[in-house]
Structure formats: C-alpha cells, structure tokens
Amino acid sequence: IMTMSLLTACGGETAAQNDVDLTAFYNTLAEEYGWVEDAASSGPDDVLMSNIEGDLLESYYPGLADVATEQLIAKAPMMSAVVNEIVLVQCGSEEDAATAASILQDRVDAQAEGGAWYPSAIDAWQNNSRIVSNGNYIMMVVHESCDSIVSDFNALF
C-alpha cells in the first residue's frame, strides 16, 4: 500500500535535461522549516539536523552508498523522537535511480512497520513520508509538511 501511494514518477526526459542543485534546494527547505546544523546558533523551534554518512548511511539505507550518484544529501535529527528526514539524490542512470528509490522505500517501510519505536514516530512514517522520482532525481522526505515539500521538489523540474 505504502509503495503505491508514495512512489511518483513524472517528467522523465525533462528532468534528465535539468541541472538541479540539490544542495541549494535543501538550503531553501532548511531555512523555511528551521533545520539547522549548529546547536549553538539554533533557536527553540529549530530542528538540529545532521549529515547521514559512512556507517550510519549504510545502517539507514543499506546499499545506497554503492549506487552511482552525482549528488547525495541525507539529513536527519539524531533524536529518534523527532521525525524529520530527507534524502535528495541525483543518480547517474535511470537504473540507479530505481535502485535508490527502492532502498529509500525499504527505509520508509521498516520505520513505518515499527522501526521508528515510538507510536507517534511510526504514525509520522506511515502518514508523512513520500518518495518522489523525477528522472534520475529521487527525494525521500518525512515531515509534517511533506506534501508541500514534494510540490517544491516537483517544481524544480
């Protein structure tokens, strides 16, 4: 059920021709939603986000590090009770994009099926997560404003 409702594809050839800066897109979202990376400069309503890389990347998204990517941004808060997670990927091919989307779907499914531990976190993974494909670009987002973030992502293409 989750797979069918979360995976969206549109604009295959158009998306492949666009040169989308995923870092700039993430920075726009971070400003809008109060995602910060420096605890010292964060405000009371900010969410402290961290890069997901190395062993943690492999733990969260097994196999994603092996996919050929041109851009990869993976961020999440280090407190599991705070449900905000985003992965932005530009893959080298449509096959790699499909593999990345599958890996990200596995993450959503695992968290929604109890891996998120807390009932409210599981509910957030079940209801506020989306995986979107635009050509070789993939986004996984888990956030209370996920539909708005999806719209902003799709507007890039």
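See above for the structure.
Conventions and cut-offs
Residues numbered from 1 in each chain as written. Predicted model: local features only at pLDDT ≥ 70, side-chain atom pairs only at ≥ 80, totals over all residues. Heavy atoms only, no water. Helix = DSSP H or I, 4+ residues; strand = E, 2+ residues; numbered from the N terminus. Buried < 20%, exposed > 50% of the residue type's maximum accessible area, 1.4 Å probe, protein only. Areas by Shrake-Rupley, 256 points an atom, 1.4 Å probe, with all protein chains shown as cover. Axes fitted to C-alpha atoms, helices over the stretch in contact; angles between N-to-C directions. Parallel < 35°, antiparallel > 145°, perpendicular 65-115°, else oblique. Left-handed = near helix turned anticlockwise from the far one by under 90°. Contact = heavy atoms within 4.5 Å. Nonpolar A, V, L, I, M, F, W, Y, C, P; charged D, E, K, R; others polar. Polar contact = N/O pair within 3.5 Å; in protein donor to acceptor, adjacent residues only side chain to side chain. Pairing = 2+ DSSP bridges.

J.: Hey, could you run me through the overall build of the protein chain in this one?
T.: A tally of helices and strands in the protein chain yields 7 helices and 7 strands. Mapped in sequence order, the helices and strands of the protein chain form the string α-β-α-α-β-β-α-β-β-α-α-β-β-α. Here the protein chain, with 157 residues, has 45% of them falling under the buried criterion. Just so you have it, the protein chain exposes about 8000 Å², and 48% of that area is on carbon and sulfur atoms.

J.: Which parts of the structure should I look at to understand the packing of helix α5 (residues 94-115) against helix α6 (residues 119-127)?
T.: A pair of packed helices can be characterised by two numbers: the angle between their axes and the separation between those axes. Viewed as axis vectors pointing N to C, α5 and α6 meet at an angle of 140 degrees, and their least axial separation amounts to 7 Å. Classified by the angle between their axes, α5 and α6 sit oblique to one another. The element α5 and its partner α6 pack so that their crossing is left-handed. Contacts between α5 and α6 involve R107, V108, Q111, A112 and G114 from the former and I122, W125 and Q126 from the latter.

J.: Hey, could you run me through the packing of helix α3 (residues 22-33) against helix α7 (residues 146-155) in this one?
T.: It is the contact of α3 with α7, at a shortest axis distance of 12 Å, that shows an interaxial angle of 150 degrees. Regarding the angle of α3 to α7, the classification is roughly antiparallel. The handedness of the crossing between α3 and α7 is right-handed. Of the residues in α7, those touching α3 at L22, F25, L29, E32 and Y33 are S148, I149, D152 and F153. Considered class by class, the residues forming the contact of α3 with α7 number 6 nonpolar, 1 polar and 2 charged.

J.: How should the side chain of E85 be read in this particular structure?
T.: Note on placement: E85 falls in strand β5 (residues 85-91). Among the polar contacts made by the side chain of E85, one reaches the side chain of Y61 at a distance of 2.5 Å. One polar contact links E85 to R107, side chain to side chain, over a distance of 2.9 Å. Look past the residues within four positions of E85 in its chain and what remains in contact with it is Y60, Y61, K75, A76, R107, W125, M140, V141 and V142.

J.: It is not clear to me how the environment of A97 should be interpreted in this structure. Could you clarify?
T.: Take A97: it is sitting in helix α5. For the pair A97 and I138, spaced 41 residues apart in sequence, the C-alpha separation works out to 6.7 Å. In this structure A97 touches C91, G135, N136 and I138, once residues within four positions along its chain are discounted.

J.: Looking at this structure, how should I read the pairing of strand β4 (residues 69-77)?
T.: Both faces of the sheet carry side chains from a regular strand, because those side chains alternate between them. In this sheet, β4 lies alongside strand β3 (residues 47-51) in antiparallel orientation, the contact comprising 3 bridges. Residue pairing in the sheet places N51 in a bridge with K75 of β4. As judged from the 6 bridges shared by β4 and β5, these two strands associate in the antiparallel manner. Across the sheet, K75 pairs through a bridge with I86, a residue of β5.

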